[in-house]
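Fold and contact review
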Amino acid sequence: MSATQLVWFRNDLRTLDHTALSAAAMKGPVVGIYLACRQQWRSHGHGANKISFLHRGVIALAEELKALNIPLLYRDIDDFDAAPGTLLEAARRIDAQALHFNREYPLDEQRRDERVTDEFTQAGLALFDYTDHIAFEPGELLTGQNEYYKVFTPFSRAWHQRVGADQLALRDTPRRQARLDIASDRIPALAERDRSDIVPPQPSKIQEAPWPAGQEAAADRLADFLRQRARRYNDDRDFPAIAGTSELSAYLATGMISHRQCLQAVMANNGGHLADGDAGLASWTNELVWREFYQHIAVGFPRVCRHRPFKLETDKLNWRHSDKDFAAWCEGRTGFPLVDAAMRQLVATGWMHNRLRMVTAMFLSKHLLLDWRRGEAFFMEHLVDGDFASNNGGWQWAASTGTDASPYFRIFNPTTQSRRFDPEATFIAQWLPELADLPAKNRHEPSAEQRHKTGYPPAIVDHKFARERALEAFKNLG
Ligand SMILES: Cc1cc2nc3c(=O)[nH]c(=O)nc-3n(C[C@H](O)[C@H](O)[C@H](O)COP(=O)(O)OP(=O)(O)OC[C@H]3O[C@@H](n4cnc5c(N)ncnc54)[C@H](O)[C@@H]3O)c2cc1C
């Protein structure tokens, strides 16, 4: 009989189109394992929404595996260092001959995987790792000078030129295997553990209902998007009052759906094309390539994993220190309605529309001139889709410290953004009920009297003054 294969599930909580699972099942009977690592949550600053989503995703995965007769082992570990020993112990207990996993790219995860590889090699056990989370392994797409791309457009061009069946073909789902004499572990409820330790800091209510976990929920969401919104994506994607985007980010970030499943769905609906054909579908594909671009950046420029800016000269920026202004931003009390509505959406739902992520991030880093890393961390605490590479990439773009960043003199006027992307101020009315009864034009910028009457705060800073201050700070970098 062929030897048992251990598959380590990480950011790939699904059985469909799973490279490591598919490859392992060709070699022998499979057992899965999941390590819930507190240090990993802490080091990424994940909050309750993301941790709960992950946890529910593991429970869904256990059911999906059960349908294939694949047992799932589950271990709680405190830190990255515990991973190699825990995996080795599990492999020995079930007499596994090999460990399989899909690669992860943040620096701490890469180091952990190197240690796991060393330990398994020393123990004489085989180890196989695979590219799965993105189409190309970081380092596979390089410029003519053999360097990582620093700008998105040429990266995207190279991606489209090179992508083919190897990267896009769906991996086989294993057939239901013969039942093994190995029981799945019971997955303890999160509430059974010390939440104050593992769930920093607690939002008032964890958002579960809008984010059902598992690959079926993800597939339904993709089908719904393709049926109803994908062809209008290019027109609607910038308007937060319209549900015009896929809202698949949390599923992609945890691997409850793969980018290949998304891209195959695009091709099936677009005459086999990714970059051409329907403008909505081509534009959506472009966003998936942005997601991949930022993963490559995290590997090519590991300083970004160490809280450093991509553009090193911006390390010298003189950020302001104001806990009061930061709290006003976090709590949606800046007196700029679109910014406040967006921040309230984030805290209430664990998600924020992309246009608003750009507006609020730029407001914090440019208007308030507060360190973008504070905003990055606050987003991570609340986002259900929190993903290091995309969050860091988005923040550094907005703060003009990053790769392909918006130039420092590009400073969104939040009121103009509001009139342009929420023309009827419906999004503002939804999240700022105190302004809902004002005429739409005043909801963008209430008068002093209207602010006084509704209790809505005065603007925290004057736009023109803030813009000049930010320009000055960037100019002084020399
Ligand atoms: C400051 C800031 C922070 C961000 N933090 C995160 C984060 O932690 N996690 C995250 O997944 N995305 C992040 N993004 C990117 C983007 O805002 C979200 O991916 C998007 O809003 C998710 O909604 P959606 O699934 O409906 O996206 P869609 O518009 O339907 O796009 C499809 C998918 O493409 C990817 N994508 C879309 N836009 C981007 C982008 N600009 N960069 C990278 N990937 C993208 C996502 O996986 C998304 O699910 C951030 C952007 C900014 C400006």
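The residue numbering used here restarts from 1 in each chain and proceeds along that chain's sequence as written. A pLDDT threshold of at least 70 governs which residues receive local features in this predicted model, and a stricter bar of 80 or more applies before side-chain atom pairs are shown or counted, although totals over entire chains, interfaces and linings include all residues. Computation of side-chain values: all heavy atoms of the structure, hydrogens and water removed.

Moving on, we get to the site of the ligand. For the ligand, the set of nearby residues contains 28 residues, the closest of which are Tyr-233, Thr-245, Ser-246, Glu-247 and Asn-354. Alone, the ligand offers 810 Å² of accessible surface; in the complex the protein occludes 96% of this. Computed over the protein atoms alone on a 1 Å grid, cavities are sets of points where a 1.4 Å probe fits but cannot get out and pockets are open sets with protein on both sides within 12 Å along at least five of seven lines; a residue lines them when it has an atom within 4 Å of a point. Pocket or cavity membership: a molecule qualifies when more than half of its atoms sit within 2 Å of the grid points of that site. With respect to the pocket detection grid, the ligand is positioned in the largest pocket. Looking at the shell around the ligand, the elements with two or more residues in it are helix 11 (249-253), helix 13 (279-300), helix 16 (354-367) and helix 18 (388-398). Secondary structure counts use DSSP, requiring at least four H or I residues in a row for a helix and at least two E residues in a row for a strand, with both numbered from the N terminus. For the shell around the ligand, the leading source of residues is helix 13, giving 6 residues. Broken down by class, the residue content of the shell around the ligand amounts to 14 nonpolar, 8 polar and 6 charged. Near is defined per residue: the residue qualifies when any heavy atom it owns lies within 4 Å of the molecule or strand. Only the protein chains shown count as cover for residues, and all accessible areas are computed by the Shrake-Rupley method using a 1.4 Å probe. Residues were grouped as follows: Ala, Val, Leu, Ile, Met, Phe, Trp, Tyr, Cys and Pro as nonpolar; Asp, Glu, Lys and Arg as charged; and all remaining residues, including Gly, as polar.

Take the UniProt feature "domain: Photolyase/cryptochrome alpha/beta" (unreviewed entry) in the protein next. Under the UniProt annotation, the feature "domain: Photolyase/cryptochrome alpha/beta" (unreviewed entry) is placed at residues 3-135. As annotated, residues 3-135 comprises 47% helix and 24% strand, and the C-alpha atoms at either end are separated by 30 Å. UniProt positions are given in the numbering used here, feature names are shortened, and annotations may be inferred rather than shown by experiment.

Right, let's get into the packing of aromatic side chains. Pairs were defined over the aromatic rings of Phe, Tyr and Trp, the Trp ring being its six-membered one, requiring ring centres within 6.5 Å. Orientation was assigned from the angle between planes: stacked under 30 degrees, edge-to-face over 60, tilted for the rest. A full pass over the atoms with the stated rule returns 26 aromatic pairs. A ring pair is formed by Phe-136 and Trp-159, whose centres lie 6.4 Å apart and whose planes are at 85°; its orientation type is edge-to-face. Pair noted here: Phe-136 is in the loop between strand 5 (126-130) and helix 6 (152-162) and Trp-159 is in helix 6, with a separation of 23 residues, a long-range link. Accessibility assignment for this pair places Phe-136 and Trp-159 in one class, buried. Ring geometry for Phe-326 versus Phe-378: centroids 6.3 Å apart, planes at 85°, classification edge-to-face. Of the two residues, Phe-326 is situated in helix 14 (residues 323-330) and Phe-378 in helix 17 (residues 372-382); the sequence distance between them amounts to 52 residues. Each residue is assigned to one of three classes by its accessible area relative to the maximum for its type, calculated with a 1.4 Å probe on protein chains only: buried under 20%, partly exposed between the two thresholds, exposed over 50%.

The next subject is the sheet that holds strand 1 (residues 4-9). In this description, strands pair whenever DSSP reports at least two bridges between them. In spatial order, the strands read 3-2-1-4-5; together these 5 strands make up an open sheet with parallel pairing. At either end of the open sheet lies a strand with only one pairing partner, and these are strand 3 (72-77) and strand 5. Across this sheet, the average inter-strand angle for adjacent strands is 25°, counted without regard to direction. Examined bridge by bridge, strand 1 and strand 4 (residues 96-102) share 4 bridges and lie parallel to one another. In the sheet register, Leu-6 faces strand 4, and the bridge partner there is Leu-99. Docked against the sheet, helix 3 (residues 48-66) engages strand 1, strand 2 (30-37) and strand 3, running at close to 160° with respect to strand 3. Note on definitions: a residue-residue contact is assigned when non-hydrogen atoms from the two residues lie within 4.5 Å. Axis angles are defined between N-to-C directions and span 0 to 180 degrees, where every axis is a line fitted to C-alpha atoms and, for a helix, only to the segment in contact. Of the strands in this sheet, strand 1, strand 4 and strand 5 are in contact with helix 5 (residues 107-122), which crosses strand 5 at around 155°.

Grid points are joined across faces, edges and corners, and a volume is the space filled by probe spheres set on the points. Taken as a whole and judged by the stated rule, the model has 5 cavities of 30 Å³ or more. Put simply, the largest cavity is a space of about 350 Å³. What lines the largest cavity is a set of 29 residues, and nearest its centre among them are Asn-11, Gln-40, His-44, Glu-104 and Glu-109. If you list the elements that add at least two residues to the lining of the largest cavity, you get strand 1, strand 2, helix 2 (38-44), helix 3, helix 5 and helix 18.

A word on the packing of helix 17 against helix 18. Contact pair helix 17 / helix 18: the axes reach a minimum separation of 10 Å and the direction vectors enclose 145°. The chirality of how helix 17 crosses helix 18 is right-handed. Across from Trp-372, Gly-375, Glu-376, Phe-379 and Met-380 in helix 17, the residues of helix 18 making contact are Phe-388, Asn-391, Asn-392, Trp-395 and Gln-396. In terms of residue class, the contact of helix 17 with helix 18 is built from 5 nonpolar, 4 polar and 1 charged. Crossings are sorted by hand: turned counterclockwise from the far helix by less than a right angle, the near helix makes the crossing left-handed, and turned clockwise it makes it right-handed.

All right, on to the layout of surface pockets then. By volume, the largest pocket amounts to about 1100 Å³. Along its surface, the largest pocket is lined by 38 residues, and Glu-287, Trp-290, Asn-354, Arg-357 and Ser-390 are the ones closest to its centre. For the lining of the largest pocket, the elements supplying multiple residues, two or more each, are helix 11, helix 13, helix 16 and helix 18. In terms of residue count, helix 13 provides more of the lining of the largest pocket than any other element does, 7 residues in total. Of the residues contributing to the lining of the largest pocket, the split by class is 17 nonpolar, 11 polar and 10 charged. Boundaries between domains were set according to an automatic or database domain assignment. A domain-level breakdown of the lining of the largest pocket finds at least three residues from each of domain 2 (215-300) and domain 3 (312-475). In terms of lining, the second largest pocket is formed by 19 residues, of which the most central are Ser-43, His-44, Cys-305, His-307 and Phe-388. Looking at the lining of the second largest pocket, the elements that each hand over two or more residues are helix 2, helix 5, helix 17 and helix 18.

Turning our attention to the domain arrangement of the protein. Taken domain by domain, the protein consists of domain 1 (4-133), domain 2 (215-300) and domain 3 (312-475). Look at where the C-alpha atoms of domain 1 and domain 3 centre, and you get two points 38 Å apart. Buried area: the sum, over both parts, of the accessible surface (1.4 Å probe) that disappears when the two are put together. Between domain 1 and domain 3, a total of about 660 Å² is buried, with carbon and sulfur atoms accounting for 49% of that surface. The largest per-residue losses of area from domain 1 upon contact with domain 3 belong to His-44, Asn-49 and Lys-50, which jointly make up 55% of the total buried on that side. By salt bridge we mean one thing: a side-chain nitrogen of Lys or Arg within 4 Å of a carboxyl oxygen of Asp or Glu. At the surface where domain 1 touches domain 3, the tally comes to 0 salt bridges. When residues of the side of domain 1 that touches domain 3 are assigned to their parent elements, the largest contribution, 4 residues, is made by helix 3. Residues of the side of domain 1 that touches domain 3, tallied by class, amount to 2 nonpolar, 5 polar and 1 charged.

Packing of helix 4 (residues 82-93) against helix 5 leaves a shortest axis separation of 9 Å and a crossing angle of 40°. Looking at the two axes, helix 4 sits oblique to helix 5. You can see that helix 4 and helix 5 cross each other, and the crossing is right-handed. Facing helix 4, whose interface residues are Ala-83, Pro-84, Gly-85, Leu-87, Leu-88 and Ala-91, helix 5 presents Arg-112, Arg-115, Val-116, Glu-119 and Phe-120. Class assignment for the residues of the contact of helix 4 with helix 5 results in 7 nonpolar, 1 polar and 3 charged. An angle counts as roughly parallel when it lies under 35 degrees, as roughly antiparallel when it exceeds 145, as roughly perpendicular when it falls between 65 and 115, and as oblique in every other case.

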